[in-house]
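This is what each chain is made of:
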Amino acid sequence: MSILSIEFLIFVAVTVLFTYALPIRLRWISLLAASLFFVACSGWHSIAHLSAIALLTWLGGLGLRAAENKSLLHRRLLLGLLLTLDFGAMAFVKYTPAVTGWVNALAKGELPVWELAVPLGLSYFTFQSAGLLIDVYRGKATIPCNPLKLWLFVGYFPQLAQGPISTWKELGGQLLTGHRLEPEQIVSGFQLMLWGYFKKLVIADRLLPMTSAVLTEQPLPGWLALGGLAFYAVRLYADFSGGMDVVRGVSRMLGIELPENFRRPFFSQSVAEYWRRWHITLGGWFRVYLMYPLTTSSLGIGLGRSASRYLGKKAGRILPTALATLLVFLLIGIWHAANWNAVVYGGYFGILMAASMLLEPVWKSMSRTLNLPKNGWMKGFRLLRTWLLVIAAQAFAFTTSPKQGFSILRQVFGSWSLTGFAQRMTAIMEAREWIILGVALLVLLVVDLLCEHKVDVCGRLAKASFWVRWPVLLGLILSILIFGVYGAGFDSAAFVYAQF
């Protein structure tokens, strides 16, 4: 069931009505029934895989709790086994076709390539269940006695479509406690859903022809290659953050606040800040459950001490974190897809992040020596620098091979002749479409600027008078219905991040 479909809107309305019709202590049952139905709509393989992971998490969590008095080695081995089964199931489904293809190519073999059906929200519920197991091992979470309550945490339907990845502390209590009906939350959630649909249907899907043009038109003038990469970055942001707004809006209507997954990443002044604002819960998961344990382990501490003897104390302290960051981004790249482009994408950001950590003392020293200003001009330079570094990575985000990605990057530095500019742009999209896109991007920029300056646009609108709120909502609805990109021959269900 696509979250853009009429069926989904009806499903949400029924779920909200039924949930608030029940006594508060039983409202989690309505959420469970809705989640079971939503997962079942995507096929038996989804509900079977998710249920198996939920059962593994429940039994494993109880086992970890029962083993509290056992030796540290015993508990570590148990946790290692549980995480291997959890991530192994995901890897088998997600990466078996690609790995088999690589083996056949290298060994010139003829192993059968199994095209396995990927369950709905596979990566999201896998990471969420793994995080819960680690928290139980650390004594930071407990496993509910009722396995159905654990299933609800793992399979809560809004987050399966787009994320985010939540912890038990963030979500568990909200799901099971029950909430009173708050009209303001209903209005605020509905507004957030509309804003998400606007970003997805009016902006992201309208940019698809520009991305396609970069892939199909060869050779490209430099301005079109760079513009295609920039527009793809905007398209990805509008697509993913739009989907997140929809599911967060649905959840808010049910009285549950999901973690924020985007915080206006294109206002970042460094690549590190960009990743703190982009897919926040995924980055947070890797930091808490992988990077910090690596840097504080005996291996990380030993590496830091050894590096200090040869590179100095500052570099020695930073090196373990830099190497762990490089590993994390390689894994994030592979999480996106099982191909070499994903490895290049993750490695690129990993090298940038690791290098920035190691060179930060040098940069600070240069800034003091040269007395570089900290005014708006410097902020503008850092903003532009970050934009260019992020845009360059998009060459490997939507192409099919590193060769194709590097080819597009080379063309950015080719001819910038503007001859035939208008004809090229109107061949990609009609002038009317460019005007609609320009206005929609301006609206997005204004709203993001207000949010960047700590203005709660959604909250203020929800509390505004009837004569302010409803014209805005009707304007959004009409914009989506009139200017949204959908219809015969167009798959509006194809969220970029839904495949993960």
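Residues numbered from 1 in each chain as written. Predicted model: local features only at pLDDT ≥ 70, side-chain atom pairs only at ≥ 80, totals over all residues. Heavy atoms only, no water.

## Considerations on the overall build of the chain
Link 1 in the chain: Each helix and strand counted, the chain has 22 helices and 0 strands in total.
Link 2 in the chain: Taking the principal axes of its C-alpha atoms as reference, the chain extends roughly 70 × 70 × 60 Å.
Link 3 in the chain: For the chain, buried positions account for 48% of its 500 residues.
Link 4 in the chain: When the accessible surface of the chain is split by element, carbon and sulfur atoms take 69% of a total near 24,400 Å².
Link 5 in the chain: Distance between charge centres in the chain, computed from 43 positive and 23 negative side chains, equals 12 Å. (Helix = DSSP H or I, 4+ residues; strand = E, 2+ residues; numbered from the N terminus. Buried < 20%, exposed > 50% of the residue type's maximum accessible area, 1.4 Å probe, protein only. Areas by Shrake-Rupley, 256 points an atom, 1.4 Å probe, with all protein chains shown as cover. Lys, Arg positive; Asp, Glu negative; His and termini not counted. Charge placed at Lys NZ, Arg CZ, Asp CG, Glu CD.)

## Remarks on the packing of helix α14 (residues 298-311) against helix α15 (residues 313-336)
Link 1 in the chain: At a closest axis distance of 7 Å, the pairing of α14 and α15 adopts a crossing angle of 140°. By the angle between their directions, the pair α14 and α15 is classed as oblique. For the pair α14 and α15, the crossing hand works out as right-handed. Here G300, L303, G304, A307, S308 and L311 of α14 come into contact with α15, specifically with K313, A315, G316, R317, L319, P320 and L323.
Link 2 in the chain: Grouping the constituent residues of the contact of α14 with α15 by class yields 7 nonpolar, 4 polar and 2 charged. (Axes fitted to C-alpha atoms, helices over the stretch in contact; angles between N-to-C directions. Parallel < 35°, antiparallel > 145°, perpendicular 65-115°, else oblique. Left-handed = near helix turned anticlockwise from the far one by under 90°. Contact = heavy atoms within 4.5 Å. Nonpolar A, V, L, I, M, F, W, Y, C, P; charged D, E, K, R; others polar.)

## With respect to the packing of aromatic side chains
Link 1 in the chain: Across all of its chains, the model carries 34 aromatic pairs by this definition.
Link 2 in the chain: Ring pairing ties together the aromatic residues Y237, F240, F262, F266, Y274, W275, W278, F329, Y345, Y348, F349 and W387, which thus form one cluster.
Link 3 in the chain: Lying across the ring of W28, K149 places its NZ or CZ 5.4 Å from the centre. (Phe/Tyr/Trp six-rings, centres within 6.5 Å; stacked < 30°, edge-to-face > 60°. Lys NZ or Arg CZ within 6 Å of the ring centre and 35° of its normal.)

## Describing the side chain of R206
Link 1 in the chain: Position of R206 among the secondary structure elements: in the loop between α9 (183-204) and α10 (208-216).
Link 2 in the chain: Residue R206 is classed as buried on the basis of its relative accessible area of 4%.
Link 3 in the chain: At a separation of 2.6 Å, a polar atom in the side chain of R206 contacts the side chain of E433.
Link 4 in the chain: Excluding residues within four positions of it along the chain, R206 makes contact with L201, M429, E433, I436, L437, F483 and V485. (Polar contact = N/O pair within 3.5 Å; in protein donor to acceptor, adjacent residues only side chain to side chain.)

## Some thoughts on the side chain of R27
Link 1 in the chain: Checked against the element boundaries, R27 lands in helix α2 (residues 27-40).
Link 2 in the chain: No salt bridge forms around the buried R27; measuring N to O, its nearest opposite-charge neighbour E182 is 9.0 Å away.
Link 3 in the chain: Within the structure, R27 has its side chain in polar contact with the backbone oxygen of H179 (distance 2.2 Å).
Link 4 in the chain: Not counting chain neighbours up to four residues away, the residues in contact with R27 comprise T19, Y20, L22, H179, R180 and L181. (Salt bridge = Lys/Arg side-chain N within 4 Å of Asp/Glu carboxyl O.)

## Comments concerning the environment of F198
Link 1 in the chain: Here F198 lies in helix α9.
Link 2 in the chain: Accessibility expressed as a relative area gives 5% for F198, which makes it buried.
Link 3 in the chain: Taking C-alpha positions, F198 is 7.4 Å from S479, a pair spaced 281 residues apart along the chain.
Link 4 in the chain: If we ignore the near neighbours within four places in the chain, the residues touching F198 are I203, A440, V443, L476, S479 and I480.

## Re the pattern of salt bridges
When the charged atoms of two side chains with opposite charge come close together, those side chains can pair.
Link 1 in the chain: Tallied over the full model, the rule gives 11 salt bridges.
Link 2 in the chain: Across the pair E452 and R277 runs a salt bridge, and its minimum N-O distance is 2.8 Å. With E452 in helix α20 (residues 431-452) and R277 in helix α12 (residues 271-277), this pair connects stretches of sequence that are 175 residues apart.
Link 3 in the chain: Between R432 and E433 there is a salt bridge; the shortest N-O distance is 2.6 Å.
Link 4 in the chain: Through salt bridges that share partners, R264, E273, R277 and E452 make up one connected network.

## Details of the nonpolar core
Link 1 in the chain: Ranked by internal contacts, the top residues of the largest apolar core, which has 125 residues, are F8, Y156 and W275.
Link 2 in the chain: A per-element tally of this core places helix α11 (residues 222-253) first, with 17 residues.
Link 3 in the chain: If near-sequence neighbours (up to four positions away) are discounted, F8 is found in contact with M1, S2, I3, F38, F157, Y197, V246 and V250. (Core = buried A, V, L, I, M, F, W, Y, C linked by side-chain atoms within 4.5 Å.)

## Some details on the environment of L388
Link 1 in the chain: Positionally, L388 belongs in helix α17 (residues 376-393).
Link 2 in the chain: Residue classification places L388 among the partly exposed positions, given a relative accessible area of 45%.
Link 3 in the chain: As for L388 and F421, which are separated by 33 residues in sequence, their C-alpha atoms are 22 Å apart.

## Considerations on the packing of α9 against helix α22 (residues 466-483)
Link 1 in the chain: Between α9 and α22, the least distance of the axes is 10 Å, while the angle of their chain directions is 30°. Here α9 is positioned roughly parallel relative to α22, judged by the angle of their axes. Between α9 and α22 lies a crossing whose hand is left-handed. For the pair α9 and α22, the contacting residues are V187, F190, Q191, L194, W195, Y197, F198, L201 and V202 in the first and R469, L473, L476, I477, S479, I480 and F483 in the second.
Link 2 in the chain: A class-by-class count of the residues in the contact of α9 with α22 yields 13 nonpolar, 2 polar and 1 charged.

## Points about a positive patch on the surface
Link 1 in the chain: Taken together, the side chains of K313, K314, R317 and R368 define a basic patch exposed on the protein surface.
Link 2 in the chain: By the secondary structure assignment, R317 is in helix α15.
Link 3 in the chain: Overall, R317 belongs to the exposed group, its relative accessible area being 58%. (Patch = residues over 30% accessible without salt bridge, like charges linked within 9 Å, V, L, I, M, F, W, Y side chains within 5 Å.)

## Quick look at helix α3 (residues 44-66)
Link 1 in the chain: Compared with an ideal rise of 1.5 Å per residue, which puts 23 residues at 33 Å, α3 spans 33 Å between its outermost C-alpha atoms and is within 8% of the ideal.
Link 2 in the chain: Taken together, the buried positions of α3 are S46, H49, L50, I53, A54, L56, T57, W58, G60, G61 and L64. (Expected span 1.5 Å × (residues − 1).)

## Re the environment of L444
Link 1 in the chain: In this fold, L444 is placed in helix α20.
Link 2 in the chain: In this structure, the C-alpha to C-alpha distance between L444 and V16, residues 428 residues apart in sequence, is 29 Å.
Link 3 in the chain: Ignoring any residue separated from it by four or fewer positions in sequence, one finds L444 in contact with W195, K199, I203 and Y237.

## Some thoughts on unusual backbone geometry
If a residue is not glycine, its phi is most likely negative; likewise, a peptide bond is most likely trans.
Link 1 in the chain: For the peptide bond that leads from G163 to P164, omega is 5°, which places it in the cis range.
Link 2 in the chain: Relative to the helices and strands, P164 is located in the loop between α7 (157-162) and α8 (168-177).
Link 3 in the chain: One non-glycine residue, H279, lies in positive phi territory at about 45°.
Link 4 in the chain: Phi at K454 takes a positive value of approximately 65°, unusual for a residue other than glycine.
Link 5 in the chain: Among the structural elements, K454 can be located in the loop between α20 and α21 (457-463).

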